[in-house]
Amino acid sequence: MNLQVQEKDFDVNALYEQLQVKNKTGAVVMFVGLVREFTNSAQAQVSADDCRFELEYYPGMTEHNLSQIVEEASDRWAVLDISVVHRVGTLSLNDQIVFVGVSASHRAEAFLACDFIMDYLKSRAAFWKKETTASGSQWVLAKKKDQDSLERWA
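Keep in mind the model is a prediction, meaning the values are calculated, not measured.

1. Remarks on the pattern of salt bridges
A full pass over the atoms with the stated rule returns five salt bridges. Residues R87 and D9 are paired through a salt bridge, measuring 3.5 Å at the closest nitrogen-oxygen approach. A residue pair is termed long-range when its members are at least 10 positions apart, and R87 in strand β4 (residues 79-87) and D9 in the loop between β1 (2-6) and α1 (12-19) qualify at 78 residues. Of the charged contacts in the structure, one is a salt bridge between E72 and R76, with a shortest N-O distance of 3.3 Å. Residue E72 and its partner R76 are both found in helix α2 (residues 61-76); the two are separated by four residues, about one turn of the helix. For E72, a relative accessible area of 31% puts it in the partly exposed group. Using a relative accessible area of 35% as the deciding quantity, one classes R76 as partly exposed. When salt bridges with common partners are traced through the structure, they connect D115, D119 and R152 into a single cluster.

Structure, rendered in structure tokens:
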């Protein structure tokens, strides 16, 4: 298992290669989240040069949250390996934010575990997001749809 919280960008190809377990891996499912236009539609019209996306976290607690999420996914599905890399600090539009990769012998387990991890990461990991444009800053609030996504795993 690979769990990292870091400021630097990550290499998707290197993470993919690390997920392959020789002679056992039948599927690798990966998700890469990117910084997109901001949630406030009025701010979405500004240029990329005017935008800043900041991610803060609680050292120790955030890694513990991620570890619990990955452990639960491993308990639910027959996975071979899991990698979660989440960036923090100041990012720009189109920058990579998060990588979740799961390897398994079969695709169904890999898809389900990856989807589960992302749903729980969005709602249960201690990250805070702030969007800044020339017109000001705002913290990104939790979305009901993210909370609703957790209900399907109950």
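2. Notes on the environment of D148
Inspection of the secondary structure puts D148 in helix α4 (residues 144-151). Among the residues examined, D148 registers a relative accessible area of 33% and is labelled partly exposed. It is 27 Å that separates the C-alpha atoms of D148 and L93, two residues lying 55 residues apart in sequence.

3. Side note on the pairing of strand β3 (residues 52-57)
Pairing of β3 with strand β7 (residues 127-133) involves six bridges; the strand directions are antiparallel. Bridge assignment links E56 to a residue of β7, and that residue is W128. Note: β3 against strand β5 (residues 89-91), three bridges, orientation antiparallel. Bridge pairing in β5 links F53 to L91.

4. With respect to the layout of surface pockets
Within this model, the largest pocket holds a volume of roughly 500 Å³. Taken together, 22 residues line the largest pocket, and the ones lying closest to its centre are L34, R36, I97, K122 and K129. Listed by contribution, the elements that provide at least two residues to the lining of the largest pocket are β2 (27-34), β6 (96-104), α3 (107-124), β7 and α4. A per-element tally of the lining of the largest pocket places α3 first, with four residues. Class assignment for the residues of the lining of the largest pocket results in 10 nonpolar, three polar and nine charged. Empty space within the second largest pocket amounts to approximately 380 Å³. Of the residues contributing to the lining of the second largest pocket, the split by class is eight nonpolar, three polar and five charged.

5. Looking at the sheet that holds β5
In spatial order, the strands read β5-β3-β7-β8; together these four strands make up an open sheet with antiparallel pairing. Two strands lie at the open edges of the sheet, namely β5 and β8 (136-139), each paired on one side alone. Adjacent strand axes in the sheet meet at a mean angle of 25°, parallel and antiparallel pairs treated alike. Pairing analysis gives four bridges linking β7 to β8, with the strands arranged antiparallel.

About the thresholds
- Residues numbered from 1 in each chain as written.
- Predicted model: local features only at pLDDT ≥ 70, side-chain atom pairs only at ≥ 80, totals over all residues.
- Heavy atoms only, no water.
- Salt bridge = Lys/Arg side-chain N within 4 Å of Asp/Glu carboxyl O.
- Helix = DSSP H or I, 4+ residues; strand = E, 2+ residues; numbered from the N terminus.
- Buried < 20%, exposed > 50% of the residue type's maximum accessible area, 1.4 Å probe, protein only.
- Pairing = 2+ DSSP bridges.
- 1 Å grid on protein atoms, 1.4 Å probe; cavity = no way out; pocket = protein on both sides within 12 Å on 5 of 7 lines; lining within 4 Å.
- Points joined across faces, edges and corners; volume = space filled by probe spheres on them.
- Nonpolar A, V, L, I, M, F, W, Y, C, P; charged D, E, K, R; others polar.
- Axes fitted to C-alpha atoms, helices over the stretch in contact; angles between N-to-C directions.

Interpretation note: all reported values are geometric properties and have no functional meaning in isolation.
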